[in-house]
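Here are the chains, one letter per residue:
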Amino acid sequence: MAAAILRRARSRRRRPPASPRRAHAGPAPPRARPAPSDPEGPAPRPTRSCSCRKWRRGSGLAWSMAGARGVGREAAAEGSLPGKRPPEPEEPSLLGAPGLSPGPGSDPGLSDSEESVFSGLEDSGSDGSEADTAAEEEDGASSDEQHSGTEKPPGQQAGTPSPRTEVASVRLEDEYVEDSSDEEDIRNTVGNVPLEWYDDFPHVGYDLDGRRIYKPLRTPDELDQFLDKMDNPDYWRTVRDRMTGHSVQLTDEQVALVRRLQRGQFGDVSFNPYEPAVDFFSGDLMIHPVTNRPADKRSFIPSLVEKEKVSRMVHAIKMGWIQPRRPRDSTPSFYDLWAQEDPDAVLGRHKMHVPAPKLALPGHAESYNPPPEYLPSKEERMAWEQREPEERRLNFLPRRFPSLRAVPAYGRFIQERFERCLDLYLCPRQRKMRVNVDPEDLIPRLPRPRDLQPFPTCQALVYRGHGDLVRCLSVSPGGQWLASGSDDGSVRLWEVASARCVRTVPVGGVVKSVAWNPLPTVCLVAVAVEDAVLLLNPALGDRLVVGSTDQLLSAFTPPAEPAAQPAHWLEASEEERRVGLRLRICHGKPVTQATWHGRGDYMAVVLATPGRSQVLIHQLSRRRSQSPFRRGHGQVQRVAFHPVRPFLLVASQRSVRLYHLLRQELTKKLTPNCKWVSSLAVHPAGDNVICGSYDSKLVWFDLDLSTRPYRVLRHHKKALRAVAFHPRYPLFASGSDDGSVIVCHGMVYNDLLQNPLLVPVKVLKGHSLTKDLGVLDVAFHPAQPWVFSAGADGTLRLFT
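On a predicted model such as this, the values are computed, not experimentally measured, just so you know. (Residues numbered from 1 in each chain as written. Predicted model: local features only at pLDDT ≥ 70, side-chain atom pairs only at ≥ 80, totals over all residues. Heavy atoms only, no water.)

1. Some remarks on the overall build of the protein
Phase 1: Along the backbone of the protein there are 15 helices and 33 strands.
Phase 2: The contacts in the protein between residues at least 6 apart in sequence include a share of 52% that link residues at least 24 apart.
Phase 3: Of the accessible surface of the protein, which amounts to about 52400 Å², a share of 54% is contributed by carbon and sulfur atoms. (Helix = DSSP H or I, 4+ residues; strand = E, 2+ residues; numbered from the N terminus. Contact = heavy atoms within 4.5 Å. Areas by Shrake-Rupley, 256 points an atom, 1.4 Å probe, with all protein chains shown as cover.)

2. Concerning the sheet that holds strand E27 (residues 720-725)
Phase 1: Here we have four strands laid out as an open sheet, ordered E27-E28-E29-E30, and antiparallel in their pairing. Looking at the sheet topology across the chains shown, the edges are occupied by E27 and strand E30 (757-765). Neighbour to neighbour, the strand axes of the sheet diverge by 20° on average, direction disregarded.
Phase 2: Relative to strand E28 (residues 731-736), E27 is paired through five bridges, and the arrangement is antiparallel. Bridged to Val723 within E28 is Ser734. (Pairing = 2+ DSSP bridges. Axes fitted to C-alpha atoms, helices over the stretch in contact; angles between N-to-C directions.)

3. Brief notes about the side chain of Arg260
Phase 1: In this fold, Arg260 is placed in helix H9 (residues 252-262).
Phase 2: Put simply, Arg260 is tucked away with no salt bridge, and the nearest opposite charge, on Asp268, sits 6.5 Å away.
Phase 3: Dropping the residues within four chain positions of it, Arg260 is found in contact with Gln265, Phe266, Gly267 and Val269. (Buried < 20%, exposed > 50% of the residue type's maximum accessible area, 1.4 Å probe, protein only. Lys, Arg positive; Asp, Glu negative; His and termini not counted. Salt bridge = Lys/Arg side-chain N within 4 Å of Asp/Glu carboxyl O.)

4. Quick notes on the confidence of the model for the protein
Phase 1: Model confidence for the protein is summarised by a mean pLDDT of 76, while 74% of its residues fall at 70 or above.
Phase 2: The low-confidence segment residues 12-173 (pLDDT under 50) makes 174 contacts with residues lying over four places distant or belonging to another chain.
Phase 3: Note on residues 176-183: pLDDT is under 50 here. Beyond four places in sequence and across chains, it has seven contacts. (pLDDT = per-residue confidence, 0-100.)

5. Details of the nonpolar core
In globular proteins that are soluble, nonpolar side chains generally tend to be buried together.
Phase 1: With 20 residues, the main nonpolar core has Leu524, Val533, Leu535, Trp596, Met603 and Leu620 as its most contacted residues.
Phase 2: Of all elements in the fold, only strand E11 (525-529), strand E12 (532-536), strand E14 (581-586), strand E15 (591-596) and strand E16 (602-607) reach the threshold of two or more residues within this core.
Phase 3: Apart from the residues within four sequence positions on either side, Leu524 is in contact with Ala515, Trp516, Asn517, Leu535, Leu536, Asn537, Thr549, Leu553, Trp596 and Leu620.
Phase 4: Residues Val505, Trp516, Val527 and Ala572 belong to the second largest nonpolar core, which totals 18 residues. (Core = buried A, V, L, I, M, F, W, Y, C linked by side-chain atoms within 4.5 Å.)

6. A word on the packing of aromatic side chains
Phase 1: Scanning the model with the defined rule gives nine aromatic pairs in all.
Phase 2: Aromatic pair Tyr198 and Phe201: ring centres 6.4 Å apart, planes at 65°, arrangement edge-to-face. Of the two residues, Tyr198 and Phe201, both sit in the buried class.
Phase 3: Where Phe629 meets Tyr659, the ring centres are 4.6 Å apart and the plane angle is 55°; that geometry is what we call tilted. Taken as a pair, Phe629 in the loop between strand E18 (624-626) and strand E19 (636-641) and Tyr659 in strand E21 (residues 656-660) lie far apart in primary sequence, 30 residues in all. Per residue, the accessibility class of Phe629 equals that of Tyr659, and both read buried.
Phase 4: An aromatic cluster of three or more residues is present, and its members are Tyr463, Trp494 and Phe788.
Phase 5: Above the plane of the ring of Trp384 lies Arg392, whose end atom (NZ or CZ) is 4.1 Å from the centre.
Phase 6: Over the ring of Tyr710 we find Arg711, and its NZ or CZ is 5.0 Å from the ring centre. (Phe/Tyr/Trp six-rings, centres within 6.5 Å; stacked < 30°, edge-to-face > 60°. Lys NZ or Arg CZ within 6 Å of the ring centre and 35° of its normal.)

7. Considering unusual backbone geometry
Phase 1: Following Gln453, the chain continues to Pro454 via a peptide bond in cis, the omega torsion being 10°.
Phase 2: With respect to the helices, strands and loops of the structure, Pro454 is situated in the loop between helix H13 (439-442) and strand E5 (459-464).
Phase 3: Of note, the phi angle at Ala499 is positive, near 60°, even though the residue is not glycine.
Phase 4: Looking at where Ala499 falls in the secondary structure, it is placed in the loop between strand E8 (490-495) and strand E9 (500-506).
Phase 5: One non-glycine residue with positive phi stands out, namely Gln664, at about 55°.
Phase 6: Within the secondary structure, Gln664 sits in the loop between E21 and strand E22 (665-670).

8. With respect to the pattern of salt bridges
Phase 1: Under the criterion given, the structure shown has 16 salt bridges.
Phase 2: Between Asp793 and Arg797 there is a salt bridge; the shortest N-O distance is 3.5 Å.
Phase 3: Classification of Asp793 by relative accessible area gives partly exposed; the value is 21%.
Phase 4: For Arg797, a relative accessible area of 8% translates into the label buried.

9. Description of the pairing of strand E24 (residues 688-693)
Phase 1: For E24, the buried fraction is high: six of the six residues fall into the buried class.
Phase 2: Of the two faces of E24, the one holding Asn688, Ile690 and Gly692 and the one holding Val689, Cys691 and Ser693 are both buried throughout.
Phase 3: Across five bridges, the pairing between strand E23 (residues 677-682) and E24 is antiparallel. Looking at the pairing, Ser679 lines up with Gly692 of E24.
Phase 4: Linking two consecutive strands that pair antiparallel, namely E23 and E24, is a turn of five residues; a positive phi of about 90° is found at Gly686 within it.
Phase 5: Hairpin remark: E24 followed by strand E25 (residues 698-702), antiparallel, with four residues in the connecting loop; positive phi at Ser696, about 60°.

10. Looking at the sheet that holds E15
Phase 1: The four strands lie next to each other as E15-E16-E17-E18, forming an open sheet whose pairing is antiparallel. Edge positions in the sheet fall to E15 and E18, since each of these pairs with one other strand and no more. This sheet shows a mean twist of 20° between the axes of neighbouring strands, independent of strand direction.
Phase 2: Inspection of the sheet shows strand E17 (residues 615-619) paired to E18 by three bridges, in the antiparallel sense.

11. Re helix H14 (residues 543-554)
Phase 1: The end-to-end C-alpha distance of H14 is 17 Å, a good match for the 16 Å that twelve residues give at a rise of 1.5 Å each.
Phase 2: Among the residues making up H14, those that are buried are Val545, Val546, Thr549 and Leu553. Down the axis of H14, the sector holding all buried residues measures 100°, keeping them to one side. The exposed residues of H14 that point more than 90 degrees off its buried face are Arg543, Leu544, Gln551 and Ser554.
Phase 3: Looking at the buried positions of H14, the neighbouring elements they touch are E14.
Phase 4: The distance from a side-chain oxygen at the start of H14 to the backbone nitrogen of Leu544 is 3.2 Å, and the residue carrying that oxygen is Asp542. (Expected span 1.5 Å × (residues − 1). Arc of directions from axis to C-beta. Polar contact = N/O pair within 3.5 Å; in protein donor to acceptor, adjacent residues only side chain to side chain.)

And the structure:
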């Protein structure tokens, strides 16, 4: 290596003289400044730097020789120009070299590398390594000239150095005598600047001398790294410095430090984290105190601040702001470990385990000593053998053995185990998801009964006078009078307010139905007795109303040719007129019910006979009767007119049919899902219907919703005999053979999207059971929230 350096130094000395650009006299070019586009300019050049390669490696004699060459060249250049006076002796600079100061008088005799180093005029496109190589060659040449001394610059004799050379050599020797730096110090001085700013530049920063630190010409690729890894034994400890772009080899101390930090240890080897703790205070009780300072006066006086804090805490405890600490529960708390587990995960599948169906337990036929009736006979054995295996009830023949030890091995054991495995493997199973429902949530949230008042709550009056059970009752349109029919063959008229029997009309038979005409201008009562319907004028109330009723009945003119009718209209005799009877409608068959239309001119009658003539409609003003149906649909129990529309509701044993009278067609068929319908009532608005049945059910129908029941109420314990709606209040009642009347709140909303609200509010009791019969009929007062009931005990009761 030394021989190569010397050869390059000799070749350097044989180069031609410097170009005229460096030989002419005049001021030296100014120092180059960093380009404006540089993100960070070079660091300011220090006045004195020990990191310069020329100053570290060059000796004083080399500097003196360089200064001598510079003086000779300057003198030669000045002598060639006319009119120039010879230069005066120049004072040495602070660094001891005459050509180091910029500006006029600088030494032009320096080489290209030396001038670029000290003046800052560097070629931005050159490589940093080439500049270093040139500098080393200059160093080698200077050293060679120092030691050999064979070549001298012109104008200077050998062995006679100039005074400037002596001063420079002395000063340089004195100043750098302690400089023992042998390594090149490359340090990037750009500071805390992102290196991404230098992506578009050939350099990555500046060193301590302000020179650019150039990037390597070619970044090592993966192949270079692999070759370096194979050839370089210290590749594992080589890292790349991003600030300078050079590779740095870590020392043993640095590698040990990195390993300690990776193991989580302290960086300092001498640091011991487990040193024994120094007990600064002794644990022994000393005789003398630490200080003999007397106690303060405030230590004997209660603190006002603490008193205020205590008072605040006491006040907070009284106000309940501070709660006492609850005792901790000593029982261990358990939680579901897989509560938040994904059901699709492996552990989640264990929850979906479906247990295998268990085998049926063996019976008497599997016993080794079965009863005689389980042992097959010859015929049964032959029949069992002739059947297919799938058709046999048992897949074996029962046998008897004297003891359990005499039982041989079962021949079909392996086959049955295999079939059992097939059943478990191929059996389709379905997991039933059990829903955890709070029973309280299943109970509908109903309003409190007291929020639904008014409704009848207690018994007010008892109407006594009938000698037998009371089957029916009816209230006058004004609510002042009450009519009742009994099995004792009489119809009684009562005053509602006083429970006084005003009139008794003997009819000579069992009264099945009583209906008061709904028109307040007509005083007429229809009574169903045996096979006739009697129209009575009770002559109660306003005399004008009573007289107008008689005039209405007497104004009828019979036609000249009477048409054939299913019923006969007969005028009452004089004796019957004194009692109050006005007309008699004879049907020839027993009548079970009579009900009025809302306008008071039409009346529907139910006959206890099979066929199409079970229902007849009578017109009072024209005294005409007709059968609206061509054929019958079962035994009719009850009929009712729609309060608003021209509909007729006919209740048979198992269904309720809704007929349009004008169109003469069936509109709807309601299925109450009851065994036997006993009673029927229509809501005053006409959109809801209730039915009572003998199997103790009350069925509510919403005609706009469905033909199926909207709600089925099972509040009674025995058969229902009658149901009724209140004409004004949202109430409906039901009477049963258990002797009770249940009043319910039934609110029907105008909004079709809101279902009716049904709430039972009161159970009214008062009737005693007679012949296993309780309440036979119920009816509401037309204006007040009162309900009347007729019982088998021969009484009528008013609940208000």
